[in-house]
Amino acid sequence: MTAPKTLYDKIWDAHVVHEDTDGTCLLYIDRHLVHEVTSPQAFEGLRMTGRKVRAPQKTIAVPDHNVPTTEGRDNPDQMPEDSRIQVAALDTNAREFGVHYYPVNDIRQGIVHIVGPEQGWTLPGMTVVCGDSHTATHGAFGALAHGIGTSEVEHVLATQTLIQRKGKNMKVEITGQLPPGVTAKDITLTVIGRTGTAGGTGHVIEYCGEAIRALSMEGRMTVCNMAIEGGARAGLIAPDEKTFAYIQGRPHAPKGAQWEAALAWWKTLSSDEGAHWDKVITIAAEEIAPVVTWGTSPEDVLPITGDVPDPESFSGGKVEAARRALDYMGLKPGQKLSEIEIDTVFIGSCTNGRIEDLRAAAEILRGQKIKVKRAMVVPGSGLVRAQAEEEGLAQVFIDAGFEWRLAGCSMCLAMNPDQLAPGERCAATSNRNFEGRQGRGGRTHLMSPAMAAAAAITGRLTDVREMMREPA
Amino acid sequence: MEKFTTLTGVAAPMPLVNIDTDMIIPKQFLKTIKRSGLGVNLFDEMRYDDQGREIPDFVLNQPAYRNAQILVTGDNFGCGSSREHAPWALLDFGIRCVISTSFADIFYNNCFKNGILPVALPQEQVDVLMEDARKGENARISVDLENQTVTSADGQVFSFELDPFKKHCLLNGLDDIGLTLEKVSAIDAFEQQAQQSRPWV
Ligand code: SF4
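The structure presented is a predicted model; accordingly, all values stated were derived computationally and were not measured.

The rules we used
Throughout, a residue's number is its position along its own chain's written sequence, starting from 1. As they are written, the chains are lettered A onward and the ligands numbered 1 onward, keeping that order. In keeping with the model being predicted, local features are shown solely for residues with a pLDDT of at least 70 and side-chain atom pairs are shown and tallied solely at 80 or more, while totals for entire chains, interfaces and linings include all residues. Side-chain measures were taken over the full set of non-hydrogen atoms in the model, leaving aside hydrogen atoms and water. Note that the domain bounds reflect an automated or database-derived domain assignment. A 1.4 Å probe defines the accessible area here, and the buried area is the portion of it lost by two parts on being joined, summed over both. UniProt positions are given in the numbering used here, feature names are shortened, and annotations may be inferred rather than shown by experiment. Whether a residue is buried, partly exposed or exposed follows from its accessible area with a 1.4 Å probe, protein chains only, as a fraction of its type maximum: under 20%, in between, or over 50%, in that order. Should any heavy atoms of two residues lie within 4.5 Å, those residues are considered in contact. Helix and strand labels come from DSSP, where a helix needs a run of H or I of at least four residues and a strand needs a run of E of at least two; each type is numbered from the N terminus. Whenever Lys or Arg places a side-chain nitrogen within 4 Å of a carboxyl oxygen from Asp or Glu, that contact is recorded as a salt bridge. Think of a polar contact as two N or O atoms within 3.5 Å of one another; within protein, one of them needs to be a possible hydrogen donor and the other a possible acceptor, and neighboring residues in sequence only count if both atoms come from side chains. Three residue categories are used. Nonpolar comprises Ala, Val, Leu, Ile, Met, Phe, Trp, Tyr, Cys and Pro, charged comprises Asp, Glu, Lys and Arg, and polar comprises the others, including Gly. Working definition: residue near molecule or strand if any one of its non-hydrogen atoms lies within 4 Å of it. A fitted line through C-alpha atoms represents every axis, and for helices the fit uses only the stretch in contact; the resulting angles, taken between N-to-C directions, go from 0 to 180 degrees. Any angle between 65 and 115 degrees counts as roughly perpendicular, while under 35 counts as roughly parallel, over 145 as roughly antiparallel, and the rest as oblique. Definitions for this section: a left-handed crossing has its near helix turned counterclockwise from the far helix by less than a right angle. A right-handed crossing has that turn clockwise.

Draft legend 1. Just the domain arrangement of chain A, in detail. All names here are of chain A. Segmenting chain A into domains produces domain 1 (7-167), domain 2 (168-239 + 271-287) and domain 3 (291-466). Taking the mean C-alpha position of each, domain 2 and domain 3 sit 22 Å from one another. Carbon and sulfur atoms make up 56% of the surface buried where domain 2 meets domain 3, a total of about 1600 Å² over both sides. Per-residue buried area on domain 2 facing domain 3 is highest for Lys 185, Leu 189 and Glu 218; these three make up 31% of the total on that side.

Written as structure tokens, this is what we have:
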């Protein structure tokens, strides 16, 4: 009898091409996603050495980080020159090396981590990599997915493998049911608040428990997306009927007999009873509240009902870090979180730029007007945008006073023109609140789409539960 | 990756300690699409003034050092950010060997991925080589990777330490990709077997 395995063990074992005596493995990569910022040198490397992309049919390229999100963006004059060159390079490389490609004017274009699942590229049991740390998103399908550097991008392009050592197994179990107004984003932020940004270092996290099972695929992607903010290389959720239903019929999902064969294997993809965990964390869903971040690290998380903490309440190096964070954020200890005034609202990113996120925000915004200076919705892909228009959500946003943008990373990292001004305070649905992340001197509070919508209406951080309509 | 066997050339003296990767290649050049082409921006903020004009005093702007292939530097070279753009910029300028008393870890490893040999020697020996470097074209330094030696202009031979695996890769021009490609039959076999067991991938 073989020893009980975790889901991570199973996927890992199914992809080892070669193992050295010192434990270094060559791991086969099933899907390689590519965007314009971390790939140009890798393609250039192939060109200089006369190498080809080994498996162009398993390689998918899409520009997302640099692209403007305003109309008429296929006019190159809309982009600063260096950004334009990076996007043009991706275009040339994708065509020359013959990989799948969704150019900027293709309706399927969007944030790489939203496009992959949407097109059925991401499937259970796969290994998925991308030169981007939020590749963890794809773990929601029970795929082993993580970010890599530029040299590794080239390595995968040339060999379809990666040199890796196996990580440790960590289980994060969310028991019970989420209270009303609490979402996947609150789960993932709460976990990071609990474990710290290095809590998952060296580990692959499997999220499980009743509250995770109850999440939609969109919600599961939100949870796995931020595994990296907890320090974990990858986050995983075992596939189930919801996963299969989401995948079936997508353009690149298996069909017919292959679908049946795939399904049979996918159903074996869960952690065995008695499998070994190096670390276990359990949180009761009932204890999770709608949360916001107050500082400049994703671990600086508190329920919206709380107060800005006193740096002295921390210990070790965190005291100085918290002091610096409050200074940067322009906040005072003891200030009520719900009294912090907001200038800007950003709804989008690979964390919360999917259709369900837009529905949740629109639900709060219907018939309301924004009180903040500016608010924008940046759908995660052209298809999300089209669907939101069809469902009438776009009109809800526009009527409320939001800008309705084209798909891309946008103000999540402010590499395109969407940036905060110094001191500008933003309620954001993205994943990083680092100093300068959304623009030099910009102040970011992370939260769920519903919470961001609530902040847009009141002009301050707001407990969305106060605004929820009675169920019809 | 280009092989490294032996090298005889002009060395540029940079006696500063703690030269970090920000100095080697400042952040505004990270939006580039190339690994090559960074040579003109190597040491950009030390090399050019605000108007982009060359600062004549800077070593690499002096006629004797425009084609330098070796750098002799102060302690702790390559500290700071992990950007692979730092070795890319050195290589593109034409530097194949950096000699110092010590290197920052990540930079040290990144060098080997890019065909650059970092040589760590004791202070007295670096001092001798620094003197040679100051003489420009008049004093060439020789580096022999196979024998792990550096020879000064007047024939003093200094031995250096090196991890055998890194030496093997550099001597043969093997990068990680090259090494993995040596296992290409294992990858082929894996793909064939996966084609049977998971044909939908
Ligand atoms: S949306 Fe933000 S986090 Fe996601 S891939 Fe783009 S820049 Fe990275």
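Draft legend 2. Spatial organisation of the UniProt feature "binding site: [4Fe-4S] cluster" (unreviewed entry) in chain A. Residues and elements named next belong to chain A. Mapped onto the present numbering, the UniProt feature "binding site: [4Fe-4S] cluster" (unreviewed entry) falls at Cys 350, Cys 409 and Cys 412. With the annotated positions falling across 63 residues, the maximum pairwise C-alpha distance of 8.8 Å places them together in a single cluster. Judged by relative accessible area, Cys 409 falls into the buried class, the value being 7%. Not counting residues up to four positions away in its chain, the partners in contact with Cys 409 are Asp 64, His 65, Ile 111 and Phe 346. Relative to the assigned elements, Cys 412 resides in the loop between β17 (403-404) and β18 (425-428). Using a relative accessible area of 7% as the deciding quantity, one classes Cys 412 as buried.

Draft legend 3. Molecular detail of the interface of chain A and chain B. Counting from both sides, the interface comprises 44 residues of chain A and, opposite them, 29 residues of chain B. Carbon and sulfur atoms supply 60% of the area that chain A and chain B bury against each other, a total of about 3000 Å² over both sides. When residues of chain A are sorted by the area they lose upon contact with chain B, Gln 41, Arg 51 and Arg 54 of chain A head the list and together hold 19% of the total. Where chain A meets chain B, there are four salt bridges. The partner of Arg 198 of chain B in a salt bridge is Asp 30 of chain A, with the nearest N and O atoms 3.1 Å apart. Applying the counting criterion to the chain A and chain B interface returns 11 residue pairs in polar contact (both at pLDDT 80 or more). When grouped by side-chain class, the residues that make up the side of chain A that touches chain B number 19 nonpolar, 16 polar and nine charged.

Draft legend 4. Spatial organisation of the side chain of Thr 135 of chain A. Residues and elements named next belong to chain A. As for its placement among the helices and strands, Thr 135 is situated in the loop between β6 (127-130) and β7 (144-147). At a separation of 3.5 Å, a polar atom in the side chain of Thr 135 contacts the main-chain carbonyl oxygen of Cys 130. Excluding residues that lie within four positions of it along the chain, Thr 135 makes contacts with His 113, Val 128, Val 129, Cys 130, Ala 145, His 146 and Gly 147.

Draft legend 5. Just the site of the ligand, in detail. Around the ligand, the neighbouring residues are His 65, Ile 111, His 113, Asp 132, His 134, Ser 349, Cys 350, Cys 409, Cys 412, Leu 413, Asn 431 and Arg 437 of chain A. Across the shell around the ligand, the residue classes tally to five nonpolar, five polar and two charged.

Draft legend 6. Structural detail: the packing of helix α13 (residues 355-365) of chain A against helix α15 (residues 393-400) of chain A. Residue and element names in this part refer to chain A. Remark: α13 packs on α15, axes separated minimally by 9 Å, with the N-to-C direction vectors making an angle of 45°. It follows from the interaxial angle that α13 and α15 lie oblique. Of the two elements, α13 crosses α15, and the hand of that crossing is left-handed. Counted together, Ile 355, Leu 358, Arg 359, Ala 361, Ala 362 and Leu 365 of α13 and Leu 393, Val 396, Phe 397 and Ala 400 of α15 form the full contact between these two elements. Broken down by class, the residue content of the contact of α13 with α15 amounts to nine nonpolar, no polar and one charged.

Draft legend 7. How the structure looks around the environment of Glu 389 of chain A. Residues and elements named next belong to chain A. Examined against the element boundaries, Glu 389 turns out to sit in helix α14 (residues 382-390). Considered as a pair, Glu 389 and Trp 404 are 15 residues apart in the sequence and their alpha carbons are 9.9 Å apart. Residues contacting Glu 389, with those up to four places away along its chain left out, are Ala 394 and Trp 404.

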